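# Coordinate inspection notes
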Amino acid sequence: MSDKSEFYTKLKGQLEDTTDFPADYMYKFIVPTDGNQLAEVESLFDNKGAVITTKNSKTGKYVSITIVLKLNSADEIISYYTKVEKIKGIISL
């Protein structure tokens, strides 16, 4: 099993043990500002009722993105992580 699949399996177990669904879930990402990664992240969560806030780093090279979204299951939370990880240069926190 790959490290990512092990991580997501562990995350799913933790979410199911500690969360009553549906629940608000907070995602945090960091993306470089030299591309369109911010727009890509926003488009993934567009029209889903997400509250998205951004903050530029002191140097202006990165943007931190906080997204709060009401989701119905651990699988749904993980599906967003797997979509986001395909974006070049993104860091999930």
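In case you missed it, the structure is sitting above this.
As a convention, each chain's residues are numbered from 1 in the sequence order in which they are written. With pLDDT at 70 or above as the cut-off, local features in this predicted model cover only qualifying residues; side-chain atom pairs require 80 or more to be listed or tallied, and sums for whole chains, interfaces and linings still use all residues. Here the side-chain values reflect all heavy atoms present in the structure, with hydrogen atoms and water set aside.

## A closer look at the overall build of the protein
On a plain count of helices and strands, the protein comes out with three helices and four strands. Mapped from its N terminus to its C terminus, the protein presents α and β elements in the order α-β-α-β-β-α-β. The atom set for the radius of gyration is the C-alpha atoms, and the globule formula is 2.2 Å times the number of residues raised to the power 0.38. For the protein, the C-alpha radius of gyration of 14 Å lies close to 12 Å, the compact-globule estimate for 93 residues. By principal-axis analysis of the C-alpha atoms, the protein measures approximately 40 × 30 × 20 Å. Expressed as a percentage of the 93 residues in the protein, the buried residues total 28%. Accessible area for the protein stands at about 6200 Å²; split by element, carbon and sulfur atoms hold 51% of it. Separation of charge centres in the protein, based on 12 positive and 13 negative side chains, amounts to 7 Å. A run of H or I in DSSP becomes a helix once it reaches four residues, and a run of E becomes a strand once it reaches two; helices and strands are each numbered from the N terminus. Each residue is assigned to one of three classes by its accessible area relative to the maximum for its type, calculated with a 1.4 Å probe on protein chains only: buried under 20%, partly exposed between the two thresholds, exposed over 50%. Here the open area of atoms and residues is found with the Shrake-Rupley method and a 1.4 Å probe, where only the protein chains shown may cover a residue. When charges are counted, Lys and Arg are positive and Asp and Glu negative, with His and the chain ends excluded. Charge positions are represented by NZ for Lys, CZ for Arg, CG for Asp and CD for Glu.

## Overview of the nonpolar core
To define a nonpolar core, start from buried Ala, Val, Leu, Ile, Met, Phe, Trp, Tyr and Cys residues and group those joined through side-chain atoms within 4.5 Å. Core analysis: the largest hydrophobic core is formed by 22 residues, its most contacted members being Tyr-27, Phe-29, Val-41, Phe-45 and Tyr-81. By residue number, the principal contributor to this core is helix α3 (residues 74–84), which donates six residues. Those residues in contact with Val-41 that lie beyond four places of it in its chain are Phe-29, Val-31, Ile-65, Ile-67, Ile-87 and Ile-90. Two residues qualify as a contact provided that any one of their heavy atoms is within 4.5 Å of a heavy atom in the partner residue.

## Digging into the packing of aromatic side chains
Aromatic pairing here means that ring centres of Phe, Tyr or Trp (its six-membered ring) are within 6.5 Å. Orientation follows from the plane angle: under 30 degrees is stacked, over 60 is edge-to-face, and everything else is tilted. Counted according to the given criterion, the structure contains 10 aromatic pairs. Seen from their ring centres, Tyr-25 and Tyr-27 are 4.8 Å apart, and the 75 degrees between their planes marks the pair as edge-to-face. Across this residue pair, the class does not change: Tyr-25 and Tyr-27 are buried. Judged by centre distance (6.3 Å) and plane angle (75 degrees), the rings of Phe-29 and Tyr-81 are edge-to-face. With Phe-29 in strand β1 (residues 23–32) and Tyr-81 in helix α3, the pair connects residues that are 52 residues apart, well separated along the chain.

## Some words on the pairing of strand β2 (residues 51–56)
Burial analysis of β2 places just zero of its six residues in the buried class, a small minority of the element. Any two strands with at least two DSSP-identified bridges between them are counted as paired. One ladder, built from six bridges, connects β2 with strand β3 (residues 62–71); its direction is antiparallel. Paired with Asn-56 across the two strands is Val-63, which belongs to β3. Between the antiparallel neighbours β2 and β3 lie five residues, among them Gly-60 with a positive phi of about 80 degrees.

## Some remarks on helix α1 (residues 3–18)
Side chains of residues three or four places apart in an α-helix project in the same direction, reflecting 3.6 residues per turn. Compared with the 22 Å implied by 1.5 Å per residue over 16 residues, the 22 Å span of α1 between its first and last C-alpha is a close match. Listed as buried for α1 are Tyr-8, Leu-11 and Leu-15. Angular distribution of buried residues about the axis of α1 spans 60 degrees; they occupy a single face of the element. Projecting away from the buried face of α1 at angles above 90 degrees are the exposed residues Asp-3, Lys-10 and Asp-17. Looking at the packing, one finds that the buried side of α1 touches β1 and α3. A helix is expected to reach a length of 1.5 Å times the quantity of its residues less one. Working definition: the arc comes from the directions between the helix axis and the C-beta atoms, pointing outward to the latter.

All we've got here are geometric facts, nothing functional implied.
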